[in-house]
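Structural overview for review
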Amino acid sequence: MSWARAPWSALVLGALATNSAAQPYAYVSNEWSDDITVVDVAKAKVAATIPVGKRPRGIALSPDAKTLYVALGSEDAIALVDVSTRKLVAKIDAGSDPEMFALSPDGSRLFASNEDANTASLVDLKRRVVVASVPVGIEPEGVSVSPDGRLVYVTSESTHSVSVIQTEPFKLATSILVETRPREVAFTPDGSRAYVTAEIGGAVSVVDVKQSKVLTTIRIERPGARPKGVLVSPDGKRVFVSTGSGNEVVVIDAATHQVTGHVPVAGRPWGLGLTRDGRRLITANGAAATISVIDTETLQVVATLPAGKGAWGVAVGPG
Amino acid sequence: MFANMFGKRVELLSRTPATVEQTLESALSLFRQERVAAIIGGSDDNAAEALQRAAREASGLFLNVGAISGRLRGELFDRRTVHVHPGVETLVNAAGLWLIEHAKRTRWGLLVAESAFGAEVEASATRLAKSRNAQIVQRASAPRASADWPAALTQLREAQVDAVLVGLEPDPARTFLDSWRAAGLSSELAVVTSDPHYALGAESSTLAGTWPLVWHMSLERYSARELNGRFRRRFEQPLDGAAWAAWAAVKIVTEAAVRAGSLEVQSILDFVESRLAFDGHKGSALSLRESDRELGQPLYIARPRSGTATSNAEGLEIVAEVSREKLDAAAQGRQAPAEKRMN
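This report concerns the structure included in the present document. Along each chain, residues carry numbers from 1 onward, in the same order as the chain's sequence is written. As a convention, the first chain written is A and the first ligand written is 1, with the rest following in written order. Predicted model: local features are reported for residues with pLDDT of at least 70 only, side-chain atom pairs are reported and counted for 80 or more only, and whole-chain, interface and lining totals are derived from all residues. As a rule here, side-chain values cover all heavy atoms of the structure and leave hydrogens and water aside.

Focus on the overall build of chain A
Rules: Per the convention used, a helix needs a DSSP run of H or I reaching at least four residues, while a strand needs a run of E reaching at least two, with both numbered from the N terminus. The atom set for the radius of gyration is the C-alpha atoms, and the globule formula is 2.2 Å times the number of residues raised to the power 0.38. We call a residue buried when its accessible area falls under 20% of the maximum for its residue type, exposed when it is over 50%, and partly exposed in between, using a 1.4 Å probe and counting protein chains only. Contact criterion: two residues are considered in contact whenever any of their non-hydrogen atoms come within 4.5 Å of each other.
Within chain A, the regular secondary structure consists of 1 helix and 28 strands. Rg of the C-alpha trace for chain A: 19 Å, near the compact-globule value of 20 Å for 319 residues, within the 12% margin. Considered along the principal axes of its C-alpha atoms, chain A spans approximately 65 × 45 × 40 Å. Buried residues in chain A amount to 60% of all 319 residues. Pairs at least 24 apart in sequence give 41% of the contacts found in chain A among residues at least 6 apart.

Written as structure tokens, this is what we have:
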């Protein structure tokens, strides 16, 4: 490489480096104002509000970060939002009363929990149709896909269970009994464990994925803790759990299963989102209609921003 | 469904005996011939006593979902009985605590039936008032004929009470409410009865007062909305307190069987006594209160709301929740943390 070309090449490489670490945005569903709050995480400011439809709760970005999916429980649909234009572009069928959902790793399929139908549905995103449903427990809610895409876990609040569903073919493999009123579930990056929050049980169940059984139960013995949202850090070392009316996010060491930290967050934190570098955790605080941005190194809230009514779920990705 | 998911089979057998004697006979047969582990029932105190006796004689379990008498919880205390529905004392405590702490009414008039039920309401109210610096300044008895309600109400008006606590069975409660509205007293009114939905009736003239409730169709938090919706879709009627208690009882037994891994009576009993953390869609884990074998739970305070309604029960709105902690403390004559308003 000649000196004449090197600076230009360096500039191009520098530009590529900037794009691949694009500033993250958080997308927060607001259950009762029927819209999405878009937050510029780096600037800690609200960038936009996007009307989407009735009772938005579950929310997730496509793997290529071009499409935002939002479950609309009162419309029996999933809304599709174009991330670049921030406009609603379509609504697709996802079975009855979808509350939460998860996408397959390749982004071609969507798995939704149908709260009032006690089912989980498989949606083909290319054809935009429901292609299969399986019965799960009563009041299904949390949905998570294993990193290898082979399994879908669906929590059911009223039967205190996790339904383990094989994705190929789409069928129920087994059910795991967990603590009382399970809400959400998250897999570790290596797929060996899954963490299931139990709101009334005040605990987190650690599931051995290979054996489909509970390995241990972590009691969240914090005042008023009602565990709801759960996320695992990208390095797999920490588990973040929102405690709802306990008004905290607790931090669990994934190796020891001990609670090692807690961050006070006012306003009933439920939904959680994490930037790709794991440095910022975003919470949706439904009772206060706010969003909190937490520095995961210092475990301090660095910003609190206004959201819509009933701030519920969080998805984080490049804008 | 819950049991089936984990390889257990729980079967529900239904009986509707017409008399107390038949209730005892039927229950003993269910325990001994059908080998049921638990009986859920108790639409009234007499039926509940028969079921409790059957459970004791046949070494089974009885979950009471409707009878409210203190006799079942005190004199007839039995380890094999679990009271999913609260009793008279708990209902009186809920209403009384709300009168004192929210409505700030401490000069009470008492209007009770001349019956064991009325005596129990009076005893509970007296205990609570004494422990919370409230006073019962006038006591009136329920008249033998409904035409005499005005006389009782006049007594209460003249005593210048700021709240009236009423303990009546559902039928006289309904006729009383008619007279209450006509009398135009400015006092708060709190009603304790065994079947509030029936007592409220259907006429707008009986929609009055403050009611301590186990459950209400308008509850939404903690997935109550979803439970109410499922029940209404299936049975085409709203979920009331007695139905909630029956639902809860079935679920408690099933959950005990699944988590304990056994439908043996002792196994279920041990679980209920030591490990029960029941999700009744009330926002907290419900467990057994050892002193009276009641399911410790928050109760709701309901008052008439504005707007149209298809029934008087629907015409109520929940204005406060009385916490389990407060009710447990009142049962033991202690103070407890402040209760919370629903909004």
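A few points about the pattern of salt bridges
So the rule is basically this: Whenever Lys or Arg places a side-chain nitrogen within 4 Å of a carboxyl oxygen from Asp or Glu, that contact is recorded as a salt bridge.
Inspection of every chain in the model, using the stated rule, returns 42 salt bridges over all chains. Salt-bridge contacts for A:Glu157 lead to A:Arg181; the nearest nitrogen and oxygen are separated by 2.4 Å. One end of the pair, A:Glu157, is in the loop between strand 13 (151–156) and strand 14 (161–166); the other, A:Arg181, is in the loop between strand 15 (171–177) and strand 16 (182–187), and 24 residues separate them in sequence. Using a relative accessible area of 1% as the deciding quantity, one classes A:Glu157 as buried. For A:Arg181, a relative accessible area of 1% gives the class buried. Connected through shared salt-bridge partners, A:Glu139, A:Glu141, A:Glu157, A:Arg181, A:Arg183, A:Glu184, A:Glu199, A:Lys228, B:Arg230 and B:Asp279 make up one network.

Considering the nonpolar core
Put simply, the rule reads: Only buried residues count toward a nonpolar core. Its members are Ala, Val, Leu, Ile, Met, Phe, Trp, Tyr and Cys residues joined through side-chain atoms within 4.5 Å.
If you look at the biggest cluster of nonpolar residues, it comprises 91 residues, and the most contacted ones within it are B:Val84, B:Trp108, B:Leu165, B:Phe176 and B:Trp244. Here this core gets 9 residues from one element, more than from any other, and that element is helix 5 (residues 88–101) of chain B. Counting 16 residues, the second-largest nonpolar core is a separate cluster that includes A:Val52, A:Val70, A:Ala79 and A:Val83.

Some words on the side chain of A:Ser104
To be explicit about the condition: Polar contact criterion, stated in full: a pair of N or O atoms within 3.5 Å, where within protein one must be able to donate a hydrogen and the other to accept it, and residues adjacent in sequence count only if both atoms are side-chain atoms.
Along the chain, A:Ser104 turns up in the loop between strand 8 (98–103) and strand 9 (109–114). Within the structure, A:Ser104 has its side chain in polar contact with the backbone nitrogen of A:Ser108 (distance 3.3 Å).

Some words on the interface of chain B and chain A
Test applied: The term buried area refers to how much accessible surface (probe radius 1.4 Å) is lost by two components on association, counted for both of them together. In the scheme used here, Gly and all other residues not listed as nonpolar or charged are polar, with Ala, Val, Leu, Ile, Met, Phe, Trp, Tyr, Cys and Pro taken as nonpolar and Asp, Glu, Lys and Arg as charged.
Contact residues are listed per partner, giving 20 residues for chain B and 24 residues for chain A. Both sides of the chain B and chain A interface together cover about 1800 Å² of buried area, and 51% of this is carbon and sulfur. At the junction of chain B with chain A, the criterion picks out 3 salt bridges. At the level of elements, helix 1 (2–5), helix 10 (224–235) and helix 11 (241–260) of chain B are the ones that each hand at least two residues to the side of chain B that touches chain A. In terms of residue class, the side of chain B that touches chain A is built from 8 nonpolar, 4 polar and 8 charged.

Considerations on empty space enclosed by the protein
Residue and element names in this part refer to chain B. This is how the line gets drawn: Cavities and pockets are defined on a 1 Å grid built over the protein atoms alone: a cavity is a set of grid points where a 1.4 Å probe fits but cannot escape, while a pocket is an open set with protein on both sides within 12 Å along at least five of seven lines, and lining residues are those with an atom within 4 Å of any such point. Grid points are joined across faces, edges and corners, and a volume is the space filled by probe spheres set on the points.
In total, this model carries 2 cavities of 30 Å³ or more according to the counting rule given. Taken as a whole, the largest cavity encloses approximately 60 Å³ of empty space. What lines the largest cavity is simply Leu61, Phe62, Leu63, Arg80, Thr81, Val82, Ile252, Val253, Ile268, Leu269 and Val272. For the lining of the largest cavity, the elements supplying multiple residues, two or more each, are strand 2 (61–64), strand 3 (81–83), helix 11 and helix 12 (265–274). Of the residues in the lining of the largest cavity, the class split is 9 nonpolar, 1 polar and 1 charged. Reported here for the second largest cavity is a volume of approximately 50 Å³. In this structure, the second largest cavity is lined by Pro86, Thr90, Arg289, Glu294, Leu295, Gly296, Gln297, Leu299, Arg324, Leu327 and Asp328. Elements supplying a minimum of two residues to the lining of the second largest cavity: strand 11 (294–296) and helix 13 (324–331). Looking at the lining of the second largest cavity residue by residue, the classes come out as 4 nonpolar, 3 polar and 4 charged.

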